[in-house]
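Chains, contacts and geometry: an overview
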Amino acid sequence: MTRIVLWSLGNIAACIVTARIAARLQWTNTGDVVWVCGAILILSGLFVLAPVFWTIISRRYRLTNQRLIIERGIFSQTIDQTELIRVDDVRIYKSITDRLFGLGTIAIISTDATDRVVTIAGIPSPDQLADQIRSNMRRLRQKSLYVEQL
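Residues numbered from 1 in each chain as written. Predicted model: local features only at pLDDT ≥ 70, side-chain atom pairs only at ≥ 80, totals over all residues. Heavy atoms only, no water.

**Looking at the nonpolar core**
In this structure, Ile108 and Ile120 are the most contacted members of the largest nonpolar core, which totals 15 residues. Within the residue set of this core, elements represented by two or more residues are strand E2 (67-72), strand E4 (87-93), strand E5 (103-110), strand E6 (117-124) and helix H4 (126-143). Aside from chain neighbours lying at most four places away, what touches Ile120 is Tyr61, Leu68, Ile70, Gly104, Thr105, Ile106, Ile108 and Leu129. (Core = buried A, V, L, I, M, F, W, Y, C linked by side-chain atoms within 4.5 Å. Buried < 20%, exposed > 50% of the residue type's maximum accessible area, 1.4 Å probe, protein only. Helix = DSSP H or I, 4+ residues; strand = E, 2+ residues; numbered from the N terminus. Contact = heavy atoms within 4.5 Å.)

Pasting the structure below:
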């Protein structure tokens, strides 16, 4: 959310500066100012959205009955496996941009020593995935004697 607000304010400031420069240079065609402001908007939008899209395309996940497997990276790869029996809580985050595109971020809080919080960004229909994680977690805990049950 902060990123979008700062991006919007920066674009407004850049368009104001462009309009003032156009007035000093005595541009008579206002269409040129609109084109320059549009180019600023598009280029800055690419810089703001590029990290988000990179995160989405560089991560893949698989959910099995016992584990959540997250693969990160395109050139070099890291694979994290979180045992679902260790999951304590599942949170869903949806920014305004996420909601526009039907995406969300899931944060999985676990008792795992290496990854206490695992996040999966840019997930389509995150509510369904969170429900699948919760139901698999509960199924595993019912099948086995979990430490919290003692």
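That was the structure; now back to the text.
**Observations concerning the sheet that holds E2**
Sheet strands pair by backbone hydrogen bonding; their relative direction is either parallel or antiparallel. If you walk across this open sheet you meet the three strands as E1-E2-E3, and the pairing is antiparallel. The sheet terminates laterally at strand E1 (59-63) and strand E3 (78-83), the two strands that pair on one side only. Within the sheet, the average angular offset between the axes of one strand and its neighbour, ignoring direction, is 15 degrees. Sheet topology note: the E1/E2 ladder contains five bridges and is antiparallel. In the sheet register, Arg60 faces E2, and the bridge partner there is Glu71. (Pairing = 2+ DSSP bridges. Axes fitted to C-alpha atoms, helices over the stretch in contact; angles between N-to-C directions.)

**Focus: the environment of Pro124**
By secondary structure assignment, the location of Pro124 is in strand E6. Look past the residues within four positions of Pro124 in its chain and what remains in contact with it is Gly102 and Leu103.

**Topic: H4**
Taking 1.5 Å of rise per residue, 18 residues should cover 26 Å, and H4 covers 26 Å from first to last C-alpha, within 8% of that figure. Looking only at H4, the buried set comprises Pro126, Leu129, Ala130, Ile133, Asn136, Met137, Leu140 and Arg141. Projection of H4 onto a plane perpendicular to its axis shows the buried side chains occupying an angular sector of 135 degrees, all on one side. In this structure, H4 carries Gln128, Arg138, Gln142 and Lys143 as exposed residues pointing more than 90 degrees from its buried face. For H4, the elements touching its buried residues are E1, E4, E5 and E6. (Expected span 1.5 Å × (residues − 1). Arc of directions from axis to C-beta.)

**Looking at helix H2 (residues 30-58)**
With 29 residues, H2 extends 42 Å between its outermost C-alpha atoms, agreeing within 8% with the 42 Å of an ideal straight helix rising 1.5 Å per residue. Of all the bends in H2, the greatest, near 40 degrees, is centred on Leu49, and the proline Pro51 appears no more than four residues after it. All of the buried residues in H2 are Val33, Cys37, Ser44, Gly45, Val48 and Ser58. (Bend = angle between axes of the 7 residues up to and from the residue.)

**Concerning the pattern of salt bridges**
This structure, assessed with the given rule, holds eight salt bridges. Its salt-bridge partner being Arg67, residue Glu83 comes within 2.9 Å of it at the nearest N-O pair. With Glu83 in strand E3 and Arg67 in strand E2, the pair connects residues that are 16 residues apart, well separated along the chain. Its salt-bridge partner being Asp80, residue Arg72 comes within 2.2 Å of it at the nearest N-O pair. (Salt bridge = Lys/Arg side-chain N within 4 Å of Asp/Glu carboxyl O.)

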